[in-house]
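Summary of structural features
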Amino acid sequence: MKKNSNIEIQEAMKTLNNWILYEDKIKKQFQFKDFSEAIAFIVRIGILAEKQNHHPELHNVYNKVTIELTTHDAGGLSDKDFLLARSIDAIS
């Protein structure tokens, strides 16, 4: 997997909903009614991630889930990150 160029990253960011570029990652926080909804969302992400063979960094505090995506093998952001981010947005 190849690392995206800065131009490719900027173009791909336009396809995302409220994700932010943070160092060599893209990041987004989701908020839910309660802990159970947050955990259910994490499980759905796990299924997506496994199907796409791309695994995010997930952080959960009560009703908040923060997701960070990067492609470690590429040393930064790749198409895999943007595909998974769009897939996550589709289920949120």
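Look a little higher up for the structure.
Thresholds, definitions, all that
- Residues numbered from 1 in each chain as written.
- Predicted model: local features only at pLDDT ≥ 70, side-chain atom pairs only at ≥ 80, totals over all residues.
- Heavy atoms only, no water.
- Patch = residues over 30% accessible without salt bridge, like charges linked within 9 Å, V, L, I, M, F, W, Y side chains within 5 Å.
- Areas by Shrake-Rupley, 256 points an atom, 1.4 Å probe, with all protein chains shown as cover.
- Salt bridge = Lys/Arg side-chain N within 4 Å of Asp/Glu carboxyl O.
- Helix = DSSP H or I, 4+ residues; strand = E, 2+ residues; numbered from the N terminus.
- Buried < 20%, exposed > 50% of the residue type's maximum accessible area, 1.4 Å probe, protein only.
- Core = buried A, V, L, I, M, F, W, Y, C linked by side-chain atoms within 4.5 Å.
- Contact = heavy atoms within 4.5 Å.
- Phe/Tyr/Trp six-rings, centres within 6.5 Å; stacked < 30°, edge-to-face > 60°.
- Lys NZ or Arg CZ within 6 Å of the ring centre and 35° of its normal.
- Pairing = 2+ DSSP bridges.
- Axes fitted to C-alpha atoms, helices over the stretch in contact; angles between N-to-C directions.

**Considering a nonpolar patch on the surface**
Taken together, Phe35, Ile39, Val43, Ile47, Val61 and Tyr62 make up a surface patch of nonpolar side chains, about 570 Å² in accessible area. Top contributing element to the nonpolar patch by residue count: helix α2 (residues 35-52), with four residues. For isoleucine 39, the position within the fold is in helix α2. Of the residues examined, isoleucine 39 reaches a relative accessible area of 31% and is grouped as partly exposed.

**With respect to the nonpolar core**
Formed by 22 residues in total, the largest nonpolar core has its most connected members in Trp19, Ile26, Phe41, Ile67, Phe82 and Ile88. Among the elements of the structure, α1 (6-13), β2 (25-31), α2, β4 (64-69) and α3 (79-91) are those that each provide at least two residues to this core. Not counting residues up to four positions away in its chain, the partners in contact with isoleucine 88 are Trp19, Phe30, Phe41, Ile45, Leu48 and Ile67.

**Overview of the packing of aromatic side chains**
One pass over the structure, following the stated rule, counts three aromatic pairs. Geometrically, the ring pair formed by phenylalanine 32 and phenylalanine 41 is tilted, given 4.9 Å between the ring centres and 45° between the ring planes. Note on phenylalanine 32: relative accessible area 17%, which makes it buried. Pairwise contacts between aromatic rings join Trp19, Phe30, Phe32 and Phe41 into one cluster. Between the NZ or CZ atom of lysine 27 and the centre of the ring of tyrosine 22, over which it lies, the distance is 4.7 Å.

**Brief notes about the pairing of β2**
Note that strand β1 (residues 20-22) and β2 share three bridges and pair antiparallel. Looking at the pairing, isoleucine 20 lines up with lysine 27 of β2. Counting the residues that bridge the hairpin from β1 to β2 gives two residues, and of these glutamate 23 lies at a positive phi of roughly 55°.

**Topic: the sheet that holds β1**
As a general point, the strands of a sheet are linked pairwise by backbone hydrogen bonds and lie either parallel or antiparallel. The strand order across the open sheet formed by four strands is β1-β2-β4-β3, and the pairing between neighbours is antiparallel. Only two strands of the sheet have a single partner each, and these edge strands are β1 and β3 (57-61). Across the sheet, the mean angle separating the axes of adjacent strands is 25° when strand polarity is ignored. Lying on the sheet, α2 is in contact with β2, β3 and β4; it crosses β3 at an angle near 170°. Across the sheet, α3 lies against β2 and β4, angled at about 10° from β2, the strand it touches most.

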